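Structural overview for review
What follows is each chain in one-letter form.
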Amino acid sequence: CKRIAPCGSHRVRARDSRSATSLAASSPKVCLKSSGHAHSPVPYSWRYSGGGSGSLSQCSKRQRAVDTTTTTTTTNYEGVPTVTDLSGLGAVENQVGMTYRSLDALPTRKEVLAAIPAHCFKKNTAKSLLYAFTSTALTAACGVLGYLFIPLQAAYWPAWVAYAIVTGTVATGAWVVAHECGHGAFSDNRTLQDAVGYALHSALLVPYFSWQRSHAIHHANTNHLEEGETHVPAVAGNPKGDAGLIAKSKIGELPWTVLNSIIVLLFGWPAYLIAGASGGPVRGATNHFWPWAGEQGRHSLFPGGWKKKVLMSDVGVFAVIGLLAYWAYAAGSIMPVLALYVGPYLVTNAWLVGYTWLQHTDVDIPHYAKDTWVWAKGAFSTVDRPYGAILDFLHHRIGSTHVAHHVDHTIPHYNAVEATEALKKAFPHLYMYDPTPVHQALFRVASKCIAVKPSGKGGQYVFTDQPLAA
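Residues numbered from 1 in each chain as written. Predicted model: local features only at pLDDT ≥ 70, side-chain atom pairs only at ≥ 80, totals over all residues. Heavy atoms only, no water.

**Description of the side chain of Asn349**
This is how the line gets drawn: The numbering of helices and of strands both runs from the N terminus, where a helix is a DSSP run of H or I of at least 4 residues and a strand a run of E of at least 2. Should any heavy atoms of two residues lie within 4.5 Å, those residues are counted as being in contact.
Mapped onto the elements of the fold, Asn349 is located in helix α12 (residues 335-360). Not counting chain neighbours up to four residues away, the residues in contact with Asn349 comprise Leu265 and Trp269.

Shown next, in the form of structure tokens:
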């Protein structure tokens, strides 16, 4: 096996500005020995149910470059001899960034969890309630300030746009708290946990139990090309995949990127809830409000007792819609509802979709067919990104500690930083952190990640933005 430099012009960077780990220690390795590990147990919330915009095709901006031309044999954490083989570099798009995905001797879920300190899994109900109160109070304060100080007149539309951006961004913190409730990471008191999650998600028009179930499936099948859930990419060569590729080739990169961003960030969330857009192909056109939509057999999104929980979720959402309708009626106009509630609601939805999009999608993050997907590949097909101190505070680090969250989603967010550091130390060849500014990463993903095609290596499917040759 040869180990070669991926690109002479590629600038090698440290994995993380917060770490002094050398590239020699963290370079991706391809293990030639299969461990034969089976799939991991399903996540807690599933069991508990009761029922930079340029092309990166060769030199990825992900921090996984190799800077030596010699063949190197090392030993992985299990003591299995490993080598890096980049002899096929250039034959596959983004191969630099995905080389480590050819690893066969992956750790089991038990081994990965053992690397995280036990206290990181402990929930502190009082602390969780404090975070819930903080996010809710900040959101309410924004609403009160907007009501008191911004006149409801057309001339003040710039102020209302700013209000929507600020309030929607703040309200995303409440969304994240409810998300944590759905994962069982809020409290050991399940009744309290579900009450908080149900109230917060209903207020944001999210069907709490319906989303709890579908999101658990997302965690259980991350980056699974057939059985994944949310942001499952289209395949080039199929009508859906080809439609996007052809559209971009016709209208150009910038118009496509703008159009794609608007469609995904503005319409992606309701399209997913109502029609299962970007959901798992095996489940068909699902609906989070009507559990009998979509596949009803083995791959049913809401089997058995979950159907009743979906209807319970509907009650909360439609109750809030009723209150909003009454508000408009009492005010004699729908404008107060649109200005004070709907604007921020759309911004919150955009944050939610944007976070999820960037957590599992980029030009060098592969998806896997069912015969090659295993838990470790899915969990570590997640990337942490730099959102900055303000957003990390408001959104409880949902984007900067998401790898740990996918390793085990019962870890409370206030313990996720320590869990992340433990994973970085134990599995430097698997952990991903991309320092690209988030707005640049979003542009890159929206412009380049249109459909996936087989890479020809390890059952990986990689993104492309070019129509397949006839």
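Next, the rest of the story.
**Things to note about the environment of Ile246**
Here Ile246 lies in helix α9 (residues 239-251). Put simply, Ile246 and Pro467 are 221 residues apart on the chain and 6.3 Å apart in space, counted from C-alpha to C-alpha.

**Some words on the packing of helix α5 (residues 125-149) against helix α6 (residues 157-182)**
Packed helices, taken two at a time, are described by the angle between their axes plus the distance between the axes. Cut-off, in case you're wondering: Fitted lines through C-alpha atoms give the axes, limited to the stretch in contact for helices. The angle between two N-to-C directions lies from 0 to 180 degrees. Note that the term roughly parallel is reserved for angles under 35 degrees, roughly antiparallel for angles over 145, roughly perpendicular for angles of 65 to 115, and oblique for everything else. Note on convention: the crossing is left-handed when the near helix lies turned anticlockwise from the far helix by less than a right angle, right-handed when the turn is clockwise.
Where α5 meets α6, the closest approach of the two axes is 8 Å, and the angle between their N-to-C directions is 160 degrees. Overall, the two elements α5 and α6 adopt an arrangement that is roughly antiparallel. As for the relative orientation of α5 and α6, their crossing is left-handed in sense. Contact residues: α5 offers Tyr131, Ala132, Ser135, Leu138, Thr139, Cys142, Gly143 and Gly146, while α6 offers Trp160, Tyr163, Val166, Thr167, Val170, Ala171, Gly173, Ala174 and Val177.

**Quick notes on the pairing of strand β4 (residues 451-454)**
Rules: At least two bridges found by DSSP between two strands are what make those strands a pair.
When β4 meets strand β5 (residues 460-464), the two strands line up antiparallel, connected through four bridges. Across the sheet, the residue bridging to Lys453 is Val462, located in β5.

**Section: the packing of aromatic side chains**
Filter applied, for reference: Working definition: rings of Phe, Tyr and Trp (its six-membered ring) pair if their centres are within 6.5 Å, and the pair is stacked with planes under 30 degrees apart, edge-to-face with planes over 60 apart, and tilted otherwise. Criterion for a charge above a ring: Arg CZ or Lys NZ at most 6 Å from the ring centre, at most 35 degrees from the ring normal.
This model, assessed by the stated rule, comprises 14 aromatic pairs. Aromatic side chains Tyr208 and Phe209 sit 4.8 Å apart centroid to centroid with 70 degrees between the ring planes, which places their arrangement in the edge-to-face category. Following the ring pairs from residue to residue traces out a cluster consisting of Trp175, Trp211, Trp269 and Tyr272. The ring of Trp306 has Lys309 sitting right over it, with the charged end atom 4.8 Å from the ring centre.

**Looking at the nonpolar core**
The tendency in soluble globular proteins is for nonpolar side chains to be buried side by side. Just so we agree on the cut-off: Grouping buried Ala, Val, Leu, Ile, Met, Phe, Trp, Tyr and Cys residues that are joined through side-chain atoms within 4.5 Å yields what is termed a nonpolar core. Relative accessibility decides the category of a residue: with a 1.4 Å probe and only protein chains considered, values under 20% of the type maximum give buried, values over 50% give exposed, and everything between is partly exposed.
In terms of nonpolar packing, the biggest core is built from 38 residues, with Trp175 and Trp269 touching the most fellow members. Elements represented by at least two residues in this core include exactly α6, α10 (253-275), α11 (306-331), α12, α17 (438-448) and β5. Here this core takes eight residues from α12, the largest share from any one element. Non-local contacts of Trp269, meaning those with residues more than four positions away in its chain, are made with Trp175, Val206, Trp211, Val264, Asn349, Leu352 and Val353. Counting residues in each nonpolar core, the second largest holds 19 residues, with Leu113, Cys120, Ala419 and Leu423 among its members.

**Focus: the environment of Ser447**
Inclusion rule: We call two N or O atoms a polar contact when they sit within 3.5 Å, provided that within protein one can donate a hydrogen and the other can accept it, with sequence-adjacent residues counted only if both atoms are side-chain atoms.
Along the chain, the position of Ser447 falls in helix α17. A distance of 2.9 Å separates a polar side-chain atom of Ser447 from the backbone oxygen of Phe443.

**Some remarks on the layout of surface pockets**
For the record, the criterion: Cavity: a set of points on a 1 Å grid over the protein atoms alone where a 1.4 Å probe fits but cannot get out. Pocket: an open set with protein on both sides within 12 Å along at least five of seven lines, its lining residues, like those of a cavity, having an atom within 4 Å of a point. Grid points are joined across faces, edges and corners, and a volume is the space filled by probe spheres set on the points. Nonpolar residues are Ala, Val, Leu, Ile, Met, Phe, Trp, Tyr, Cys and Pro. Charged residues are Asp, Glu, Lys and Arg, and all others, Gly as well, are polar.
Approximately 940 Å³ is the volume found for the largest pocket. As for the largest pocket, its lining consists of 42 residues, of which His231, Val264, Ala277, Ser278 and Trp357 are closest to the centre. Only α6, α8 (208-220), α9, α10, α12 and α15 (402-407) provide two or more residues apiece to the lining of the largest pocket. For the lining of the largest pocket, the class distribution of residues is 23 nonpolar, 18 polar and one charged.

**Thoughts on the sheet that holds strand β3 (residues 367-368)**
Spatially, the three strands line up as an open sheet ordered β3-β5-β4, and their pairing is antiparallel. The open sheet is flanked by β3 and β4, the only strands paired with a single partner.

**Focus: α12**
Heads up, the rule is: Expected span, for any helix, means 1.5 Å times one less than how many residues it has. Note on bend: at a given residue it equals the angle between the axes fitted to the 7 residues ending there and to the 7 starting there.
Between its first and last C-alpha atoms α12 spans 37 Å; for 26 residues at 1.5 Å apiece the expected length is 38 Å, and the two agree. The largest bend in α12 comes to about 35 degrees, at Val342, with the proline Pro344 one to four residues further on. Most of α12 is tucked away: 20 of the 26 residues are buried.

**So, the pattern of salt bridges**
To be explicit about the condition: Should a side-chain nitrogen of Lys or Arg be within 4 Å of a carboxyl oxygen of Asp or Glu, the pair is scored as a salt bridge.
The final tally for this structure, using the stated rule, is 13 salt bridges. The partner of Arg283 in a salt bridge is Glu229, with the nearest N and O atoms 2.8 Å apart. Residue Arg283 is located in the loop between α10 and α11, and its partner Glu229 is located in the loop between α8 and α9; the two are separated by 54 residues in the primary sequence. The exposure class assigned to Arg283 is buried, which follows from its relative accessible area of 5%.

**Here's the deal with the confidence of the model for the chain**
The test is simple: For every residue, the predictor assigns a confidence score, pLDDT, that lies between 0 and 100.
Taken over all residues, the pLDDT of the chain has a mean of 81, while the share at 70 or more is 78%. In the model, residues 1-102 has pLDDT below 50 throughout and makes 232 contacts with residues more than four positions away in sequence or in other chains.

**A closer look at the packing of helix α7 (residues 190-203) against α11**
Taken N-terminus to C-terminus, the directions of α7 and α11 make an angle of 45 degrees; their axes are 8 Å apart at the nearest point. With respect to their mutual orientation, α7 and α11 come out oblique. In this structure, α7 meets α11 at a crossing whose hand is right-handed. Between α7, through Tyr198, Ser202 and Ala203, and α11, the contact on the second element is made entirely by Met312, Ser313, Val315, Gly316, Val317 and Val320. Looking at the contact of α7 with α11 residue by residue, the class counts come to six nonpolar, three polar and no charged.

**With respect to empty space enclosed by the protein**
Unfilled space is identified by rolling a water-sized probe across the atoms. Taken as a whole, the largest cavity holds about 100 Å³ of empty space. Forming the boundary of the largest cavity are 13 residues, of which Glu180, Thr401, His405, His413 and Ala416 lie nearest the centre. Contributions of two or more residues to the lining of the largest cavity are made by α6 and α15. Take the lining of the largest cavity: its biggest share by element is three residues, from α6. Of the residues in the lining of the largest cavity, the class split is six nonpolar, five polar and two charged.

**Considering unusual backbone geometry**
A negative phi holds for most residues other than glycine; trans holds for most peptide bonds. Non-glycine residue Leu205 carries a positive phi angle of around 60 degrees. By the element assignment, Leu205 lies in the loop between α7 and α8. One non-glycine residue, Arg397, lies in positive phi territory at about 60 degrees. With respect to the helices and strands, the residue Arg397 is situated in the loop between α14 (388-394) and α15.

**Brief notes about the pairing of β5**
With five of its five residues buried, β5 lies for the most part within the structure. On β5, burial covers both faces: Gln460, Val462 and Thr464 on one face and Tyr461 and Phe463 on the other are all buried. Pairing of β3 with β5 involves two bridges; the strand directions are antiparallel. Each residue of the ladder has a partner; that of Tyr368, found in β5, is Gln460. The antiparallel hairpin formed by β4 and β5 contains five residues in its connecting segment, where Gly456 sits at a positive phi of about 85 degrees.

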